[in-house]
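Commentary on secondary and tertiary structure
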Amino acid sequence: MAPRTLEALPVDPARPTAILSDLEDAIAGRRSLLPVPTDDPARSQHLRDSQRVGQPIDDSVALVMATSGSTGTPKGAQLTPTNLVSSADATHQALGGQGQWLLAMPAHHIAGIQVLIRSLVAGVEPLALDMAHGFDIEDFATASRELAETGDRLYTSLSPMQLGKAMDRLTGIEALRLFDAVLVGGAALNPHARHAAAELDIKVVTTYGSSETAGGCVYDGLPLPGAKVRIDAGRIYLGGPMVADGYRNLPGHEAFAEPGWFATSDSGELHDGVLTVRGRLDAVIDSGGLKLHPEVLEQAILGVHGVTGACVVGVPHARLGEAIVAAYTGDARPSEVIEGLDTLPRWQLPKELKHLDRLPVTGPGKVDRRAIKKMFR
C-alpha cells in the first residue's frame, strides 16, 4: 500500500459546510487534510508549500492546522482524530450537552473547523453563514432564529470584534440572546463588552487555546474536562488528549518536548485553579530597562469609555531601546484615552497614540502586531 500523503482541503468562505464529508473522512482516519482558503490564493499556496502537500504523512494525522500569521512560515499543528473528537466532547460536557451550532467564522481556522467537527460529533447539520464578504449582522440574526426553531441547545463561536459588532445592533443583541453559549476567543475581550453582555443576558464564554490544542481548551479560566493547565517559570503549559502530535514542518519542536503537553508562548497565573493569561512572552516590551506585557496596557486602554479595540507594541528607540506605542479604535479622542490611563505608572503611557478606523488582523480576532509596528516606523 502506498504511503498516505497530505491533501489540501480548499475551504470556500461562501460554502464552508461543503467540506463536512471530507472532515468526516479525516475523523474516521481515512485521510490527512490541510485546510486552505480559496479566497486567498497567496496564503493558500504558502500553506501548501510550507506544509508539504502531496508528500507522505503519518496516517495518524487527521488535520494539519496552520497557525495564524501574515509573515514568516506558519507552523502546522498535526491533529489526530483523538485530539479533535476529545476536544469536541469536552466542549459539549462543559457547555451542558450537545446542541445546534452556527458557524460564523472562517472554516480554515481552528475555531471555525471545530464548529463543524462538534456538529459532526453531535450528529447534527451545522448552519453556516456566507463569510465571503465578512460578518453580516442581519444574516447572523436570520440564521440564529432558524436554529432556535429546532428547540435544541444553541451554540456559536465569535471573535471579540464580531461580538462587539453584533452588540451594536438590536437585531444582533436579540440573536445573541438565543444562544445557550457564545464562545469568544482569539483575543482579549473588552471588559466593557463582557459587562454589557452580562447585562443583556448574553451568555458569553471566553476561551483560551490554539491550533496546537485543537482549539480552546480553557473556558472562563477553567480547563475543559480532560484538559490540564500548569504554570512553569511563568509560562502556561496545556495538557490533555487534545494536544497535537507536534508540528508538520518542525519535527522535534521544543513546544512539544514533554509528551502530552504543549508549552505555549504565553505567561499566566493560576489562582484556585483559575487561569489568568497575562500576555505573550515573546511580545514583552523592554522600555528603558522596564518590562511591560503589552496586553496589560491594552486591557487598560480597552477600559476607557469609547474604546473598542487596542493594540500596544514596542518600536526601536535610541534612548529607551523600545518605545511603547499604541493604536486604538472607537469614538474616544486620544486625549480622553490618555486621561483614562492616569492611574498607570507614567512609564507605561504610550509615547505615541494612533486612532484607527479598524485594526489590521491576521485571523479571527487576532490583531496583526507586525502591521501596527510598521505604522509607527
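Report follows, based on the coordinates. (Residues numbered from 1 in each chain as written. Predicted model: local features only at pLDDT ≥ 70, side-chain atom pairs only at ≥ 80, totals over all residues. Heavy atoms only, no water.)

Further remarks concern the overall build of the chain. The secondary structure content of the chain amounts to 11 helices and 22 strands. Here the chain has a C-alpha radius of gyration of 21 Å; the compact-globule value for 377 residues is 21 Å, and the two agree. Viewed in the frame of its principal axes, the chain has a C-alpha envelope of about 65 × 50 × 45 Å. By the burial criterion, 50% of the 377 residues in the chain qualify as buried. Counted over contacts in the chain with a minimum sequence separation of 6, partners at least 24 positions apart contribute 65%. A total accessible area of about 16900 Å² is found for the chain, and carbon and sulfur atoms account for 49% of it. Within the chain, the 45 negative side-chain charges are centred at a point lying 6 Å from the centre of the 35 positive side-chain charges. (Helix = DSSP H or I, 4+ residues; strand = E, 2+ residues; numbered from the N terminus. Rg over C-alpha atoms; globule rule 2.2 N^0.38 Å. Buried < 20%, exposed > 50% of the residue type's maximum accessible area, 1.4 Å probe, protein only. Contact = heavy atoms within 4.5 Å. Areas by Shrake-Rupley, 256 points an atom, 1.4 Å probe, with all protein chains shown as cover. Lys, Arg positive; Asp, Glu negative; His and termini not counted. Charge placed at Lys NZ, Arg CZ, Asp CG, Glu CD.)

What follows covers the packing of helix 1 (residues 20–27) against helix 4 (residues 110–122). Across the interface, helix 1 lies against helix 4 with an axial gap of 10 Å and an inter-helix angle of 75°. As judged from the angle between their axes, helix 1 and helix 4 are roughly perpendicular. The segment helix 1 lies against helix 4, with L20, L23, E24 and I27 engaging I113, L116, I117 and L120. Taken together, the residues of the contact of helix 1 with helix 4 break down into seven nonpolar, no polar and one charged. (Axes fitted to C-alpha atoms, helices over the stretch in contact; angles between N-to-C directions. Parallel < 35°, antiparallel > 145°, perpendicular 65-115°, else oblique. Nonpolar A, V, L, I, M, F, W, Y, C, P; charged D, E, K, R; others polar.)

What follows concerns the environment of K373. Its place among the elements puts K373 in helix 11 (residues 369–376). Along the chain, K373 and E125 lie 248 residues apart, while their C-alpha atoms are 42 Å from each other. What K373 contacts, discounting residues up to four positions off in sequence, is V313, G314 and V315.

What follows is about the sheet that holds strand 9 (residues 204–210). Ordered in space as 6-5-7-8-9-10-11, the seven strands form an open sheet in which the pairing is mixed. Edge positions in the open sheet fall to strand 6 (127–128) and strand 11 (222–223), since each of these has one partner strand only. Note that strand 7 (residues 154–158) and strand 8 (residues 181–184) share four bridges and pair parallel. Bridge pairing in strand 8 links Y155 to A181. (Pairing = 2+ DSSP bridges.)

Turning our attention to the environment of L102. Position of L102 among the secondary structure elements: in strand 5 (residues 100–103). Residues L102 and T156 lie 54 residues apart in sequence; the distance between their C-alpha atoms is 5.0 Å. The contact partners of L102, leaving out residues within four places of it in the chain, are V115, L127, A128, L129, F140, A143, S144, L147, Y155, T156, S157 and F179.

Bringing the packing of aromatic side chains into the picture now. Counted according to the given criterion, the structure contains five aromatic pairs. The lysine or arginine in question, R230, covers the ring of Y237, its NZ or CZ lying 4.5 Å from the ring centre. Here the basic side chain of R230 rests over the ring of W261, its NZ or CZ set 4.6 Å away from the ring centre. (Phe/Tyr/Trp six-rings, centres within 6.5 Å; stacked < 30°, edge-to-face > 60°. Lys NZ or Arg CZ within 6 Å of the ring centre and 35° of its normal.)

Here we take up the pattern of salt bridges. If you walk through the whole model with that rule in mind, you get 16 salt bridges. Across the salt bridge formed by E7 and R31, the nearest N and O atoms sit 2.9 Å from each other. Linking E7 in strand 1 (residues 7–11) with R31 in the loop between helix 1 and strand 2 (33–37), this pair joins segments that are 24 residues apart in sequence. Look at E7 and you get partly exposed, because its relative accessible area is 29%. Through salt bridges with shared partners, one network takes in E7, D22, D25, R30 and R31. (Salt bridge = Lys/Arg side-chain N within 4 Å of Asp/Glu carboxyl O.)

So, on to the side chain of R31. Only 2.9 Å separates the side chain of R31 from the side chain of E7, close enough to count as a polar contact. In this structure the side chain of R31 is engaged in a polar contact, spanning 2.8 Å, whose partner is the side chain of D22. Contact partners of R31, with chain neighbours within four places excluded, come to R4, E7, D22, D25, A26, V61 and A62. (Polar contact = N/O pair within 3.5 Å; in protein donor to acceptor, adjacent residues only side chain to side chain.)

A separate point is the nonpolar core. Residues L23, L63 and L95 are the most contacted members of the largest nonpolar core, which totals 46 residues. Of the residues forming this core, the biggest block, five residues, is contributed by helix 4. L95 has contacts with W101, R153, Y155, A181, L183, V205 and Y219, leaving out every residue within four places of it along the chain. With 26 residues, the next largest nonpolar core counts L129, A141, L163 and V182 among its residues. (Core = buried A, V, L, I, M, F, W, Y, C linked by side-chain atoms within 4.5 Å.)

Of all the five residues making up strand 13 (residues 235–239), four are buried; the element is thus mostly covered by neighbouring parts of the structure. Pairing geometry for strand 12 (residues 228–232) and strand 13, over five bridges, is antiparallel. Its bridge partner lying in strand 13, K228 is registered against G239. Connecting strand 12 to the next strand, strand 13, in antiparallel fashion are two residues, including A233 with a positive phi near 55°. Sheet analysis places strand 13 next to strand 14 (residues 261–271), joined by four bridges and oriented antiparallel. From the neighbouring strand, G239 faces strand 14, where its bridge partner is W261.

Taken together, the three strands give an open sheet; going across it, the order is 18-19-20, and neighbouring strands pair in mixed fashion. Both edges of this open sheet fall to strand 18 (307–317) and strand 20 (352–355), since each of them pairs with a single strand only. Adjacent strand axes in the sheet meet at a mean angle of 20° when their direction is disregarded. Relative to strand 19 (residues 321–330), strand 18 runs antiparallel, the two being bridged by 10 bridges. Each residue of the ladder has a partner; that of V307, found in strand 19, is G330. Against the sheet, helix 9 (residues 294–302) touches strand 18 and strand 19, its axis set at about 145° to strand 18.

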